[in-house]
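Examining the three-dimensional arrangement
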Amino acid sequence: MKEIKLESTLYVYDSVDELPEDVQALMTRAHEARLKAYAPYSNFLVGAALILDNGEIISGNNQENASYPSGLCAERTAIYYAGSKYPDNKIMKMALTAGSTQSQTLTPIPPCGACRQAIAEYEVKQESPIEIYFMGTTGKVVKSSSLSDLLPLIFDRSFLT
Ligand code: THU
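In this text, all values refer to a predicted model and were calculated from it rather than measured experimentally.

Overview of the packing of aromatic side chains
A ring pair, where both rings are aromatic, is described by two values, the distance of the centres and the angle of the planes. Scanning the model with the defined rule gives four aromatic pairs in all. With a centroid separation of 5.5 Å and an interplanar angle of 40 degrees, the aromatic rings of tyrosine 41 and tyrosine 68 are classed as tilted. One end of the pair, tyrosine 41, is in the loop between helix 1 (21-34) and strand 2 (44-52); the other, tyrosine 68, is in the loop between strand 3 (57-61) and helix 2 (74-85), and 27 residues separate them in sequence. For the ring pair phenylalanine 155 and phenylalanine 159, a centre distance of 5.4 Å and an interplane angle of 25 degrees mean the geometry is stacked.

Notes on the sheet that holds strand 1 (residues 10-13)
Taken in spatial order, the six strands of this open sheet run 1-6-5-4-2-3, and their pairing is mixed. Whereas interior strands pair on both sides, the edge strands pair on one side only; in this sheet they are strand 1 and strand 3. In this sheet, neighbouring strand axes are inclined to one another by 15 degrees on average, regardless of whether the strands run parallel or antiparallel. Pairing of strand 4 (residues 91-100) with strand 5 (residues 131-135) involves five bridges; the strand directions are parallel. Across the sheet, the residue bridging to methionine 94 is isoleucine 132, located in strand 5. Packed on one face of the sheet, helix 1 meets strand 2, strand 3, strand 4, strand 5 and strand 6 (141-144) and runs near 45 degrees to strand 4. In this fold helix 2 packs onto strand 2, strand 3 and strand 4, with an angle of close to 30 degrees to the strand it touches most, strand 2.

Side note on the site of the ligand
As a matter of local geometry, the ligand sits amid Ser42, Phe44, Val46, Asn62, Glu64, Cys73, Ala74, Glu75, Pro111 and Cys112. One of the side-chain N or O atoms of asparagine 62 is found 2.9 Å from an oxygen atom in the ligand. A distance of 2.8 Å separates a nitrogen atom of the ligand from a polar side-chain atom of glutamate 75. Coverage of the ligand by the protein amounts to 74% of the 370 Å² it exposes when considered alone. Elements supplying a minimum of two residues to the shell around the ligand: strand 2 and helix 2.

Description of the pattern of salt bridges
Between side chains of opposite charge, pairing is possible as soon as their charged atoms come close. Across all of its chains, the model carries three salt bridges by this definition. Glutamate 3 is the salt-bridge partner of lysine 5, the closest N and O atoms lying 2.9 Å from each other. A salt bridge links lysine 140 to aspartate 14, with the shortest nitrogen-to-oxygen separation between them at 3.0 Å. With lysine 140 in the loop between strand 5 and strand 6 and aspartate 14 in the loop between strand 1 and helix 1, this residue pair connects regions lying 126 residues apart in the sequence. Residue classification places lysine 140 among the partly exposed positions, given a relative accessible area of 40%.

Points about the packing of helix 2 against helix 3 (residues 113-126)
Helix 3 packs onto helix 2 with a crossing angle of 20 degrees between their chain directions and a minimal axis gap of 10 Å. As judged from the angle between their axes, helix 2 and helix 3 are roughly parallel. Where helix 2 crosses over helix 3, the two elements pack in a sense that is left-handed. Where helix 2 approaches helix 3, its residues Glu75, Arg76, Ile79, Tyr80 and Gly83 are matched on the opposing element by Ala114, Cys115, Ala118, Ile119 and Tyr122. Taken together, the residues that form the contact of helix 2 with helix 3 break down as seven nonpolar, one polar and two charged.

Calculation criteria
- Residues numbered from 1 in each chain as written.
- Predicted model: local features only at pLDDT ≥ 70, side-chain atom pairs only at ≥ 80, totals over all residues.
- Heavy atoms only, no water.
- Phe/Tyr/Trp six-rings, centres within 6.5 Å; stacked < 30°, edge-to-face > 60°.
- Helix = DSSP H or I, 4+ residues; strand = E, 2+ residues; numbered from the N terminus.
- Pairing = 2+ DSSP bridges.
- Axes fitted to C-alpha atoms, helices over the stretch in contact; angles between N-to-C directions.
- Contact = heavy atoms within 4.5 Å.
- Near = heavy atom within 4 Å.
- Polar contact = N/O pair within 3.5 Å; in protein donor to acceptor, adjacent residues only side chain to side chain.
- Areas by Shrake-Rupley, 256 points an atom, 1.4 Å probe, with all protein chains shown as cover.
- Salt bridge = Lys/Arg side-chain N within 4 Å of Asp/Glu carboxyl O.
- Buried < 20%, exposed > 50% of the residue type's maximum accessible area, 1.4 Å probe, protein only.
- Parallel < 35°, antiparallel > 145°, perpendicular 65-115°, else oblique.
- Left-handed = near helix turned anticlockwise from the far one by under 90°.
- Nonpolar A, V, L, I, M, F, W, Y, C, P; charged D, E, K, R; others polar.

As structure tokens, this is what we get:
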């Protein structure tokens with residue numbers, strides 16, 4: 001038996017004001033998207049914004065459904081749109097903001113497992129990392145330099161051969 005240790009590094013900013021200007025702008029787009037989320041069942045609104053290597057910014061939000069599993073998270077709404085409209089462009093950075101409609105959310109909210117897997121697919125496809133910045137509705141922002149820091153041991157295309 002041998003032990004394998006997995007290590008990830010995350011960076012914590014005290015507020016959006018500490019972020020580089022381009023990421024602040026991206027987070028603003030994520031906040032705007034969050035406010036347009038369709039989340040009548042959970043009242044938990046999530047906004048995502050991503051920037052491509054051509055400078056295009058794409059945003060998305062969670063879309064819920066009376067048949068709960070038919071809904072989709074904000075991250076996948078945005079990334080699938082990017083993948084369908086700009087199949088040849090790389091995704092450089094993603095900004096995420098999430099929180100309840102009832103109160104302010106101070107805790108940075110990371111993407112769910114299914115969204116991590118979806119984002120991982122695009123890192124593999126484009127052969128370069130995607131920076132991910134996530135926050136609640138206010139307060140601290142966490143940066144991960146690559147999706148692989150949030151999801152080690154991804155299931156990827158290499159296992160399908
Ligand atoms: N949600 C997201 O949009 N992204 C995540 O990463 C986690 C959860 C949404 C799904 C659902 O509409 C609501 O948040 C509550 O789970």
